[in-house]
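Spelled out from the first residue to the last, the chains are:
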Amino acid sequence: MSENKPTVTPKKNTLAILLCIVLVAAIVLAIVGFAGKNSAESQNKDLTAKIADFQTQISAATDKITASDATLTTAQTELEAAKTEAAKALQALQGEFDTYKATAEAALADLQKKYDTDTAAAATALKAAQDEATKTQATLTAKIDELTKTIATLSTPTPVPTATPKPTVTPTPKPTATPTVKPAA
């Protein structure tokens with residue numbers, strides 16, 4: 001039955017023990033706090049120096065980014081200007097090419113027409129020359145046949161006439177010149 005009976009503990013002892021524990025904890029915290037303060041202050045100084053260094057690096061990086069942005073903006077402006085100039089040059093070249101192409105196509109059409117005309121004229125002239133050559137060949141063949149017949153006729157022996165002596169010519173007398181007398185004046 002001891003379980004049902006509350007045990008009475010003196011309150012003075014418990015309170016004193018609690019106060020001692022709190023006092024010891026306060027002393028330990030004070031010692032740790034003071035010991036940690038030096039460490040915390042040195043860490044604070046180190047961190048402050050690192051923060052200053054990082055701020056310097058950030059400032060330098062910001063300056064570089066600003067300069068890069070300005071360079072990028074300038075480069076983009078120059079690129080756009082170059083694109084515009086290239087587009088204008090391309091358009092001008094395209095116009096020149098189109099003009100040249102149209103001129104070349106017209107010249108080709110003219111040459112083709114002239115070629116066709118010249119070819120037709122040459123074919124007509126060739127046909128006329130062939131017809132003329134055929135006629136000339138027929139004429140020459142007829143003359144060759146005629147000459148062949150003449151040669152055949154001339155090839156038969158004919159009696160050779162005997163030569164008659166030539167009469168000799170007697171010279172005719174020449175009149176002699178008579179002197180003329182000049183009248184006296």
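Above this text sits the structure in question.
Residues numbered from 1 in each chain as written. Predicted model: local features only at pLDDT ≥ 70, side-chain atom pairs only at ≥ 80, totals over all residues. Heavy atoms only, no water.

Visitor: Break down the overall build of the protein chain for me, with residues and values.
Guide: Along the protein chain, the regular secondary structure elements total one helix and zero strands. Taking all 185 residues of the protein chain together, the buried fraction comes to 0%. (Helix = DSSP H or I, 4+ residues; strand = E, 2+ residues; numbered from the N terminus. Buried < 20%, exposed > 50% of the residue type's maximum accessible area, 1.4 Å probe, protein only.)

Visitor: Can you explain a nonpolar patch on the surface? Please cite residues and give values.
Guide: Together, Ile17, Leu18 and Ile21 make up a nonpolar patch on the protein surface, roughly 300 Å² of accessible area in all. By the secondary structure assignment, Leu18 is in helix H1 (residues 11-155). A residue is classified by how much of its surface remains accessible, and Leu18, at 48% relative accessible area, is partly exposed. (Patch = residues over 30% accessible without salt bridge, like charges linked within 9 Å, V, L, I, M, F, W, Y side chains within 5 Å. Areas by Shrake-Rupley, 256 points an atom, 1.4 Å probe, with all protein chains shown as cover. Salt bridge = Lys/Arg side-chain N within 4 Å of Asp/Glu carboxyl O.)

Visitor: Can you lay out the pattern of salt bridges for me, pointing to particular residues and giving the numbers?
Guide: According to the stated counting rule, one finds three salt bridges in the structure shown. A salt bridge links Asp118 to Lys114; the shortest N-O distance between them is 3.3 Å. Of this pair, Asp118 and Lys114 both sit in helix H1, four residues apart, roughly one helical turn. Of the charged contacts, one joins Asp131 and Lys127 as a salt bridge, the two residues approaching to 3.2 Å between their closest N and O atoms. Here Lys127 and Asp131 lie together in helix H1, a separation of four residues that amounts to about one turn.

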